[in-house]
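Okay, here's what each chain looks like letter by letter:
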Amino acid sequence: MRIAAPQHWTDWSTGSVSGRDVVTARRVLADLEGWFADEDARAAMDPDQLVYTTECVFPVAEGTSGGLFWGTTFIQPGDVAGECFMTKGHFHSQRDRMEAYFTFTGTGVLLLMDDDRRCRAEEMTPGSLHLVAPNTAHRTINVGADVFAFGACWPSDAGHDYETIAREGFAARVFRDGDSPNLVPA
Ligand code: PAN
Ligand code: ZN
């Protein structure tokens, strides 16, 4: 029997994903209208400014029960009127679906919010592992001066509910306070 080469690789020093059928996506400031606290400040910035990219592997169709997806998110350093660059954040459409996050590079914050809008946050530094609980919205934020990269593994039937966050937001936001991050009620 032949032992095959792997189909995918993750470069542990950068988080970069390569191999078969890697799907990349990018979010620039123009894609994030309404997601930062100061929308006027966002609108005044370069709309092509890159905020984050993803490199993902989807081995089964979205919605398949029992499958897993894997991907790395790279968040650029930067801020909108002091609010650190971040992902949109979401609940999973199937609210009880968990997710694992693992930090490759940089310094981040994982913002978590339960169904009652109670927020808490965890530091993300290289090697840190984070298990997002069921029924928990999650957003990641780059609070450092370098690219913040983390891996994620989530069920293929989790789905993404961005609408709830677009409508109601998180109950807390992260701003730069000098060199340190400040978690502020929204
Ligand atoms: C992650 C996120 C990724 C981008 O893979 O999808 O970090 O963040 P947004 O999806 O909030 O823009 C994940 O949590 N998947 O479920
Ligand atoms: Zn998720």
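As shown above, the structure is provided for reference.
Reading guide: rules and limits
Residues numbered from 1 in each chain as written. Chains lettered and ligands numbered in written order. Predicted model: local features only at pLDDT ≥ 70, side-chain atom pairs only at ≥ 80, totals over all residues. Heavy atoms only, no water. Salt bridge = Lys/Arg side-chain N within 4 Å of Asp/Glu carboxyl O. Helix = DSSP H or I, 4+ residues; strand = E, 2+ residues; numbered from the N terminus. Buried < 20%, exposed > 50% of the residue type's maximum accessible area, 1.4 Å probe, protein only. Donors = N, O, S within 2.8 Å, 3.2 Å for Na, K, Ca; no water. Pairing = 2+ DSSP bridges.

1. Regarding the pattern of salt bridges
Part 1 of the argument: As enumerated under the stated definition, the model contains eleven salt bridges in all.
Part 2 of the argument: Close ionic contact of Arg176 with Asp79 constitutes a salt bridge, the shortest N to O distance being 3.4 Å. A residue pair is termed long-range when its members are at least 10 positions apart, and Arg176 in strand β14 (residues 172-177) and Asp79 in strand β6 (residues 79-80) qualify at 97 residues.
Part 3 of the argument: Overall, Arg176 belongs to the partly exposed group, its relative accessible area being 28%.
Part 4 of the argument: With a relative accessible area of 27%, Asp79 lands in the partly exposed category.
Part 5 of the argument: Among the ionic contacts, a cluster of salt bridges with common partners joins Arg95, Asp115 and Asp161.

2. Quick notes on the coordination of the zinc ion (ligand 2)
Part 1 of the argument: Looking at the zinc ion (ligand 2), the protein donor atoms are His90 (NE2), His92 (NE2), Glu99 (OE) and His138 (NE2), and they sit 2.1 to 2.3 Å from it.
Part 2 of the argument: Summarised as a motif, the one-chain spacing of the donors to the zinc ion (ligand 2) is H-x1-H-x6-E-x38-H. Residue Glu99 is located in strand β8 (residues 99-105), and its partner His138 is located in strand β12 (residues 136-142); the two are separated by 39 residues in the primary sequence.

3. Structural notes on the pairing of strand β4 (residues 50-57)
Part 1 of the argument: Counting buried residues along β4, eight of its eight residues qualify, which places the element largely inside the surrounding structure.
Part 2 of the argument: The sheet contact formed by strand β3 (residues 22-28) and β4 spans seven bridges and is antiparallel. By the bridge assignment, Val28 is partnered in β4 with Leu50.
Part 3 of the argument: One ladder, built from six bridges, connects β4 with strand β5 (residues 68-75); its direction is antiparallel. Among the inter-strand pairings, Tyr52 is bridged to a residue of β5, identified as Ile75.

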